[in-house]
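# Examination of the molecular architecture
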Amino acid sequence: MHLLCFNVRGLDLRWGEVCLLVKKHRFDIIVLGEVGHVDLSLLGAAFSNYRIFYQTGENAHGGVLVLIHNDIPATRISCSFSNVCVIDLLAEQTIRLVAIYAPASKSWEWVDLSSFITNRCIITGDFNIDIEKDGDKAERLLEWMDTCSLGPFVPDSNTSLRSDRTIDYALAAGMNLSIQTSEDDTSSDHKPLLMVLACDTVLKRQGSRIIWSVFSLMLSYTYAFWEKEWNSGPYDITYERFISFIVSLAARCTQYFPLKRARPSVPHELMTLLARSRSLSYKAKRKGDIFLRQEARRLRNIARFELKRYQQFHLTQQLKERHVPGECSRVFWSKTKRHFRTASSSLRGFLLLNGEIIKDPQAMVDTAANYYETLFEAPVVVRPHPYVDAPTVQCVNVSELIPLVTYPEVLNVLRTRKKKQSLDIHGLSPFLLDKIPKNYWHLFVKLYNDSFTNGYILKKFKEVRMVLLAKKNAICTPDQTRAISLLDSFLKTQERLFLNRFLQVLKDRGILPDNQSGFQAGHRLQTRVLLLIEQISSYMSNSSPVATVFVDFKSAFDQLWFEGCLGKLIRMGIPSMYVKWIQAWLNDRQATIEIQGKRSRWININRGGPQGSSLTPTLFITYHSDMADFIPGAMSFFFADDLAAVLAGQIGLKFTEQCVDLERRLQKFFEQLEFYSILAVQPINYSKTQFMFSARAVCYRNPMP
């Protein structure tokens, strides 16, 4: 838990500094002293995520203000003393927070606060006393601290900018704090204090687990009912009722428990020993007593030894149980995850064209919906188009049906799928599907076979939950995000079944090119890279200048043209039933974008294949399988949705003439590539398309005779 303690000497004058500190460090608790006049309505609007506690001062310049984040349950304790605000933080064990501002003219004494001290207590603020330099005043404060078993937590540097005194710090009993001063520029004459308190503070954060044995047992009892419903009613209505029942049953079988996110607290007796050692050290330093110094050193060594042994015990236990569900493994992975590099940065905000940054989740999803609704609009294509309007080509086996699904085949697909826990729009996940009794899949075999026979998709299958990942920066424009479609979990099983059949058709007709690597079994990416390097080396061995063009297609999967893809599949000789099913799979899809629990409006998807589907990559490379025929002057190497083209000058000419010939070939290549890009409605990302020139080293004539 992160705390800020700052004597602002007039909040109206240091308002901007406080806002910058909170934005930079994201404090859980903010203690401000000597705030003066406070506009609570303005404060509530600026810190809407915090609850505000204010205690008036003895004059117009005093007053203490405490802001506590909404996630931390807290209750205020009645206190009549000016400049003293007492609050209980309702953690796993209640923590008493006492925020003070103690000017020299205060109307209360330290002993008056004794009734507010508990065995887990923190007192922080401006004490206006340096416990090492202020003589009698420090002595009275230290004697009161000894009677209340309070230990001081003092920063390493002075906190007053008018002198070298340290008058802002914290006192604690039964708690451990780390404290330091902020070195940011401030116009106040006090430095802000940054503190970290190790404790489990938020009871609202709960973990959950589903009792899967009860879940499966209930489904086994209701199988006869669903079998009857599945055989009698329309599939769309029955499926909608079935998934609602599964989600409700999973929620009913869910058990909730409080999460202990912080590290295990140090035992109370050890905390008491540490506090006593710290208190004796200050007393020995103040009085110069050699016996007190020796006793403090003895207690400190004992405390360090016990603390080290305690930490070693917990670390050993966490290592042993790191793969076992429970509190130890959770603590272990929460500590180690900071050392792992994430593949994609989390999206924290959108940067608008006018330079404004929005971080409100609802505003973010609305902005993203506007962008992706435009991106997924059907493209404007000049008609007639050869893919769509050319005369139909009669092919052999065009009336071939999609082979029916068998029950063992479905079980095999389920066994090979990754058991991910990411939820689709209905609240289902592949992990949950694995817990459904196997006899239920007999019902889905009928559904899948009926879908393949009649070429249709359930309406619920076309509803998509879309999450956004930032490509580079956590705060970026919407076009710098990657949309991942979390499809219906039962649809993903059917997609895999259809993909196995579709790949067999492509293999039988020899449609996919051999120079395509990625999303094609038996064609490794490493082999394609080696062939590319070998091709460049072969040209260079003939003393030819070589040009390699690395082409990147803009939002490749998201730019798939539905009509053109379907028309092209027909002209490739793909059986009509396969094309009909793909058409049903592509058309009439809807998506809602979700960010931090907030969802956007439904947007129509009239372009692009869903990223996250196992069928989309294969459909994409099938659509572009004839790209090499449009650029015959280059050796083409395809890497998933990228292209590397190698061109060389004519052999047998002078080097300068070869360069001229290579330039002519490049010009023709770019014209052919642009023609194909327009024809396939697949725009090129010119900013990411790169060019590399390679040639044997040409040395200058030796100037020496």
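Please refer to the structure placed before this passage.
Here is what the cut-offs are and how they apply
Residues numbered from 1 in each chain as written. Predicted model: local features only at pLDDT ≥ 70, side-chain atom pairs only at ≥ 80, totals over all residues. Heavy atoms only, no water. Helix = DSSP H or I, 4+ residues; strand = E, 2+ residues; numbered from the N terminus. Rg over C-alpha atoms; globule rule 2.2 N^0.38 Å. Contact = heavy atoms within 4.5 Å. Lys, Arg positive; Asp, Glu negative; His and termini not counted. Charge placed at Lys NZ, Arg CZ, Asp CG, Glu CD. 1 Å grid on protein atoms, 1.4 Å probe; cavity = no way out; pocket = protein on both sides within 12 Å on 5 of 7 lines; lining within 4 Å. Points joined across faces, edges and corners; volume = space filled by probe spheres on them. Disulfide = S-S within 2.5 Å. Buried < 20%, exposed > 50% of the residue type's maximum accessible area, 1.4 Å probe, protein only. Patch = residues over 30% accessible without salt bridge, like charges linked within 9 Å, V, L, I, M, F, W, Y side chains within 5 Å. Areas by Shrake-Rupley, 256 points an atom, 1.4 Å probe, with all protein chains shown as cover. Salt bridge = Lys/Arg side-chain N within 4 Å of Asp/Glu carboxyl O. Pairing = 2+ DSSP bridges. Axes fitted to C-alpha atoms, helices over the stretch in contact; angles between N-to-C directions. Nonpolar A, V, L, I, M, F, W, Y, C, P; charged D, E, K, R; others polar. Domains from an automatic or database assignment. Arc of directions from axis to C-beta. Phe/Tyr/Trp six-rings, centres within 6.5 Å; stacked < 30°, edge-to-face > 60°. Lys NZ or Arg CZ within 6 Å of the ring centre and 35° of its normal.

Scanning the protein chain from terminus to terminus reveals 21 helices and 27 strands. Taken over the C-alpha trace, the protein chain has a radius of gyration of 35 Å; the compact-globule value for 705 residues is 27 Å, which it surpasses by more than 25%. For the protein chain, long-range pairs separated by at least 24 residues make up 70% of all intrachain contacts whose partners lie at least 6 apart in sequence. Of note, the protein chain has its 86 positive side-chain charges centred 6 Å away from the centre of its 69 negative side-chain charges.

Take empty space enclosed by the protein next. All chains considered together, the criterion is met by nine cavities of 30 Å³ or more. Of the pockets and cavities examined, the largest cavity occupies roughly 90 Å³. Forming the walls of the largest cavity are 13 residues, and the residues nearest its centre are Gln516, His624, Met627, Phe638 and Ala640. Elements that contribute at least two residues to the lining of the largest cavity include exactly α19 (616–623) and β26 (642–648).

With that out of the way, let us pick up the state of the cysteines. With the rule as written, the count across this model stands at zero disulfides. In this structure Cys79 is not part of a disulfide, and its nearest cysteine sulfur, from Cys85, lies 8.0 Å away. The exposure class assigned to Cys79 is buried, which follows from its relative accessible area of 13%.

With that out of the way, let us pick up a nonpolar patch on the surface. Taken together, Ile211, Val214, Leu217, Met218 and Tyr221 make up a surface patch of nonpolar side chains, about 450 Å² in accessible area. You can call Met218 partly exposed: its relative accessible area is 35%.

Another point: helix α17 (residues 562–571). Taken across its 10 residues, α17 has seven buried, putting it largely inside the fold. Those residues of α17 that sit buried are Phe562, Gly564, Cys565, Leu566, Gly567, Lys568 and Leu569. Once α17 finishes, Gly573 follows within two positions and takes phi at roughly 90°, a positive value.

Cis geometry marks the peptide bond from Arg383 to Pro384; its omega dihedral reads 0°. For Pro384, the position within the fold is in the loop between α10 (361–375) and α11 (386–389). A positive phi angle is found at Asn83, which is not glycine, with a value near 65°. In this structure, Asn83 sits in the loop between β5 (74–77) and β6 (84–89). Positive phi outside glycine occurs at Gln596, with the angle close to 50°. Within the secondary structure, Gln596 is located in the loop between β22 (589–595) and β23 (598–599). For Gln596, a relative accessible area of 57% puts it in the exposed group.

Moving on, we get to the pattern of salt bridges. Evaluated as defined, the whole model comprises 23 salt bridges. The salt bridge partner of Glu463 is Lys460, with a shortest N-O separation of 3.6 Å. You can call Glu463 buried: its relative accessible area is 17%. Owing to a relative accessible area of 18%, Lys460 belongs among the buried residues under this scheme. A salt bridge links Arg465 to Glu594, with the shortest nitrogen-to-oxygen separation between them at 2.9 Å. Within this pair, whereas Arg465 is found in strand β17 (residues 463–470), its partner Glu594 is found in strand β22, the two being separated by 129 residues in sequence. A single burial state applies to Arg465 and to Glu594, both of which are buried.

Another point: the sheet that holds strand β7 (residues 95–101). What the six strands build is an open sheet, ordered β5-β6-β7-β8-β10-β9; its pairing is mixed. The sheet is open, and its two edges are formed by β5 and β9 (151–153), each paired on a single side. Strand after strand, the sheet turns through a mean of 25° between neighbouring axes, direction not considered. Here β7 pairs with strand β8 (residues 121–126) via six bridges, running parallel. When the sheet's bridge partners are listed, Arg96 is paired in β8 with Cys121. Lying over the sheet, helix α3 (residues 135–147) contacts β8, β9 and β10 (168–173), oriented at roughly 25° with respect to β10.

Glancing now at the layout of surface pockets. When its volume is computed, the second largest pocket comes out at roughly 1,000 Å³. Lining of the second largest pocket is provided by 38 residues; of these, Arg496, Leu499, Ser613, Ser614 and Pro617 occupy positions nearest its centre. Only α12 (407–416), β19 (481–486), α15 (489–509) and α19 provide two or more residues apiece to the lining of the second largest pocket. The greatest single-element share of the lining of the second largest pocket, amounting to eight residues, is contributed by α15. Its residues placed into classes, the lining of the second largest pocket shows 15 nonpolar, 14 polar and nine charged. The residue makeup of the lining of the second largest pocket includes at least three contributed by each of domain 4 (343–511 + 562–606) and domain 5 (512–557 + 613–704).

In this section: helix α5 (residues 223–232). Along α5, the residues classified as buried are Tyr223, Trp226, Glu229 and Trp230. End-on view of α5: buried residues confined to an arc of 125°, all on one side of the axis. Exposed residues pointing more than 90 degrees away from the buried face of α5 are listed as Ala224, Lys228 and Ser232. Contact partners of the buried residues in α5: α4 (212–221), α6 (235–252) and α14 (441–454).

Quick look at the packing of aromatic side chains now. To describe a pair of aromatic rings, you give the distance between the ring centres and the angle between the ring planes. Under the definition given, this model contains 38 aromatic pairs. On the numbers, 5.7 Å between centres and 25° between planes, the contact of Trp110 with Phe127 is stacked. Pair noted here: Trp110 is in the loop between β7 and β8 and Phe127 is in the loop between β8 and α3, with a separation of 17 residues, a long-range link. Both residues of the pair, Trp110 and Phe127, belong to the buried class. Just above the ring of Trp108 sits the side chain of Lys106; from NZ or CZ to the centre is 5.7 Å. Seen from the ring of Tyr623, Lys568 lies directly overhead, with NZ or CZ sitting 4.9 Å from the centre.

Function cannot be read off these values alone, since they describe shape.
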